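Structure at a glance
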Amino acid sequence: MNATGRAPLTVRLSVDVTHDGVAKSDLVRVALINTSRFPVIVAGRLAIGYEDSSDREIYAVLHDRPTGEIVGGPAQLYHRAPHSADDLRTLDQGDQTSTEFNLDDWYTHPAGDLDLQVVYDPSAVAQRFPGVESAQVFSDPVRIVFTRAC
Amino acid sequence: MSPPHLERPRATEGRRSAANPRPPQAGTGRFADLVQLQRQAGNRGVVRALEHAEGAVQSGSPGDYIGAGQAALAGPLVQRRVLTAPEETAAVAGDRGLFDSLTVRALQTITGMPPAERNGVIGPTTVRAISNWQTARGLGDNGIVDPATMDRLVTESLANSRPEHGIQLVLDFFNLATGSDVLAVRHNAGALTFEGIRLVGGIPLPRFSPASTGFESGGLRVIEIGDGAFTSATTLRDAIARELSRPAPAAGPAAATPARLTAAEAGSGLAFTRAKYSDERSVRAIQGRVGAPVTGTWDVATIQFVAEAQSSAGIVVDGRIGPVTTEVLYTQLIAANPNAALRLLVDFFDMTDDGNLLAVYFDPTVAALASTDFRPSEPVRVRVGPNALTLPFSGAVHNIAHELEHVRRLRQGIVSAQTHEFLGEALEILSLGMPEEPLDPVNPTHDAFISDATRCLQNWNLMSLADRRQFRAKFVAVRRKVLRRIAAGTAAQRAANAGLRASYVAVVLP
């Protein structure tokens, strides 16, 4: 959080869906944007993982729209080096950094009407590099209809 | 426990007996329509159709009840019939000859057997699962994997994001030989090979096959199979067979065999190396690398070429491919021949997978150092990403060993990701039979001992109490090693890792 109490960063998602929300691809594009008036140091690697896994800067949360329940789970056991100082980035006002990942490659999920959120969570990186803005940022949910489970 | 064929049926509705005989498999008129519906929807679909359209049936309008039956298909409605004892025996005998244990486990996965029952053995439980699976799809439901069943297994393997299971089934079912010069047969959705131009109605059109082959050192193949090959088992078989038959690039002119070693030295080197490397693919990879004729078998001439390569690399010239020479060869291979290099590591360090590995291969799309499918109780893949190609030798060995620990533990059915990661890191920390990693990384994209130790503790703290109790002794061994490695570091390293050391010491054992 910045001095005004507003999170200085925003996470925006982009997924390719039909007008009915049906997924045309499992590719999720993630942009981390500095929406404050001040420069912010971020964990620029933006590597995907899971909420309780290590060496990741973002993770996804899937909700079943009708029930609101969290659904899905990890699809990989991955092995990755820790975030390095080389990957830190300073975002000036309005700057963004982005990444993308294949949802089906990383997450199991049921078929159905789901909401996808991506969370930017640099807390582990911030512990090692004190200048890094440490607050978690949740994207707005994006509706995706999956016609099959994965 | 009663013999399997005497077990109670899991579903009794429609159970067959002398009083409830098998529905007709073929016929004419109304029965033919019923059979068609049964094939599409299973027995229960027929039952529902009859229940919903009794009047139509009585009036002899089969189209109505078929329509009603199809409308009733929205839910999970397929009856699971019970094989008779003779059918079960025949199915077990028929299927046992078709598949090896790894493939059976893929089959048990696709047919929906519970994880605890996926034992890699074709027995009564497995053929009943196959029969149920067949029934649900309107196939002949005798529990025998026939061509029609294979077709459906293949298409569903892709639809269910398990294309490697389909590949494994086809390799085994059709006895496609992949042992000697194939590093991997893997799925890659868009794999294609241009096969020339053909005229269609006088118009030249490009022709593609839905697969491709890359060649690595020694003519070793990495076969990629595209989605288009998964339309049936025979299509997939033909695609793989086509790739297997592609000629490897011609080797350059053979160099004269060097004479670095005496006959006795070469013989000694041959005996040593033969004992260390048993996989024919490793032999081919090394022969290709050192410029020896690629035969796939160890011989004195190859050892002389190895000695020449040792001389060029400035290491001890003895023709023995031990850890130092393996490191040299690995380092020379990894950039352009990553799959061959990975094969050397698996072979030299005798890394086992407990029969649970479908394939290990380099995948440029993997963002991590490596990744293993998180599918407890299923055969899985290990994929190695581009960042791993620059790992120092010790890191590369640990990277593969870590993933193969996942493969083995997945076979055991461990479902906690934290427990898997604790065990993977513990294996790296204990480093038995492997080169030790440096305490700190030498490159920002690398991993090192301290990273392993940090993750190991993080995951230990997230594990369930039951798992911590189960792996308590392993944690104790890990802690001892971590404290010893930190104590042996420089003063700066000891200071930098004092917090980690304290965290380890503070752990209260369960």
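Being a predicted model, the structure only gives us computed values, none of them experimental. (Residues numbered from 1 in each chain as written. Chains lettered and ligands numbered in written order. Predicted model: local features only at pLDDT ≥ 70, side-chain atom pairs only at ≥ 80, totals over all residues.)

Moving on, we come to the overall build of chain B. Along the backbone of chain B there are 21 helices and 8 strands. Counting over 510 residues, chain B shows a buried share of 47%. Residue pairs at least 24 apart in sequence account for 62% of intrachain contacts in chain B once pairs closer than 6 positions are excluded. (Helix = DSSP H or I, 4+ residues; strand = E, 2+ residues; numbered from the N terminus. Buried ≥ 20, exposed ≤ 12 C-beta atoms within 10 Å, placed from the backbone. Contact = placed C-beta atoms within 7 Å.)

A count of helices and strands for chain A gives 2 helices and 14 strands. Here the C-alpha atoms of chain A give a radius of gyration of 16 Å, agreeing with the 15 Å that 2.2 N^0.38 yields for 150 residues. Here the C-alpha coordinates of chain A stretch approximately 45 × 30 × 25 Å along the principal axes. Restricting the contact set of chain A to residue pairs at least 6 apart, pairs at least 24 apart contribute 74%. (Rg over C-alpha atoms; globule rule 2.2 N^0.38 Å.)

By definition, the strands of a sheet pair up through backbone hydrogen bonds, in either a parallel or an antiparallel sense. The strand order 8(A)-7(B)-8(B)-6(B) describes an open sheet built from 4 strands, whose pairing is mixed. Edge positions in the sheet fall to strand 8 (76-79) of chain A together with strand 6 (357-362) of chain B, since each of these pairs with one other strand and no more. Averaged over all adjacent pairs, the angle separating strand axes in this sheet is 15°, with direction ignored. Where strand 8 of chain A and strand 7 (residues 370-373) of chain B come together, 4 bridges link them in antiparallel fashion. Residue pairing in the sheet places A:Tyr78 in a bridge with B:Ser371 of strand 7 of chain B. (Pairing = 2+ DSSP bridges. Axes fitted to C-alpha atoms, helices over the stretch in contact; angles between N-to-C directions.)

With that settled, consider the interface of chain A and chain B. Listed by partner, the interface residues are 18 residues for chain A and 27 residues for chain B. Ranked by residues supplied to the side of chain A that touches chain B, first place goes to strand 8 of chain A with 4 residues. Looking at the side of chain A that touches chain B residue by residue, the classes come out as 8 nonpolar, 5 polar and 5 charged. (Nonpolar A, V, L, I, M, F, W, Y, C, P; charged D, E, K, R; others polar.)

Further remarks concern the sheet that holds strand 2 (residues 23-34) of chain A. Residue and element names in this part refer to chain A. Strand order in the open sheet formed by 3 strands is 1-2-10, with antiparallel pairing between adjacent strands. Looking at strand neighbours, the two that pair on one side only are strand 1 (9-17) and strand 10 (96-102), the edges of this open sheet. If you compare each strand with its neighbour and ignore which way they point, the axes differ by 20° on average. Across 7 bridges, the pairing between strand 2 and strand 10 is antiparallel. Along strand 10, the bridge assignment pairs alanine 31 with serine 98.

All names here are of chain B. Two numbers describe how helix 15 (residues 393-411) lies on helix 16 (residues 417-430): the axes approach to 9 Å, and their chain directions differ by 140°. The angle between the axes of helix 15 and helix 16 places the two elements in the oblique class. As helix 15 packs across helix 16, the resulting crossing turns out to be right-handed. Contacts from His398, Ala401, His402, Glu405, His406 and Arg409 of helix 15 reach helix 16 at His420, Leu423, Gly424, Leu427 and Glu428. Across the contact of helix 15 with helix 16, the residue classes break down as 3 nonpolar, 5 polar and 3 charged. (Parallel < 35°, antiparallel > 145°, perpendicular 65-115°, else oblique. Left-handed = near helix turned anticlockwise from the far one by under 90°.)

Turning to the nonpolar core, a few remarks are in order. Within soluble globular proteins, side chains that are nonpolar tend to cluster in buried spots. Core analysis: the largest hydrophobic core is formed by 147 residues, its most contacted members being B:Val170, B:Val185, B:Ile225, B:Leu236, B:Leu345 and B:Ile400. Each residue touching B:Ile400, except ones within four places of it in the same chain, is listed here: B:Leu342, B:Leu345, B:Val346 and B:Met351. (Core = buried A, V, L, I, M, F, W, Y, C linked by C-beta atoms within 7 Å.)

Along helix 14 (residues 338-348) of chain B, 11 of the 11 residues are buried, which leaves the element largely enclosed by surrounding structure. One or two steps after helix 14 of chain B, the chain reaches B:Asp350, where phi turns positive at roughly 55°.

With that settled, consider unusual backbone geometry. Residues and elements named next belong to chain B. Even without glycine at this site, serine 161 takes up a positive phi of about 60°. Even without being glycine, serine 377 reaches a positive phi, approximately 70°. Locating serine 377 in the fold gives a position in the loop between strand 7 and strand 8 (380-384).

All names here are of chain B. Most of strand 1 (residues 182-187) sits inside the fold, with 6 of its 6 residues counted as buried. When strand 1 meets strand 5 (residues 220-225), the two strands line up parallel, connected through 5 bridges. Bridged to arginine 186 within strand 5 is glutamate 224.

Before going further, it helps to spend a moment on helix 10 (residues 263-276) of chain B. A rise of 1.5 Å per residue sets the reference length of helix 10 of chain B, with its 14 residues, at 20 Å; its end C-alpha atoms lie 20 Å apart and thus fit the reference within 8%. Summarising the contacts, the buried residues of helix 10 of chain B are in contact with helix 12 (300-313) of chain B. (Expected span 1.5 Å × (residues − 1).)

A word on the environment of A:Leu103. All names here are of chain A. With respect to the secondary-structure elements, leucine 103 resides in helix 1 (residues 103-106). Expressed as a C-alpha distance, the spacing of leucine 103 and leucine 116, which sit 13 residues apart in the sequence, is 9.8 Å. Every residue in contact with leucine 103, bar those within four places of it in the chain, is listed here: Asp26, Val28 and Ala60.

Residues and elements named next belong to chain B. Looking at chain B as a whole, the pLDDT averages 87, with 84% of positions reaching at least 70. Residue range residues 1-29 is modelled with pLDDT below 50. Its contacts to residues more than four positions away, or to other chains, number 32 contacts. Counting interchain partners and residues more than four positions distant, the pLDDT-below-50 stretch residues 54-79 has 47 contacts. The ipTM for the predicted assembly is 0.90, set against a pTM of 0.85. (pLDDT = per-residue confidence, 0-100.)

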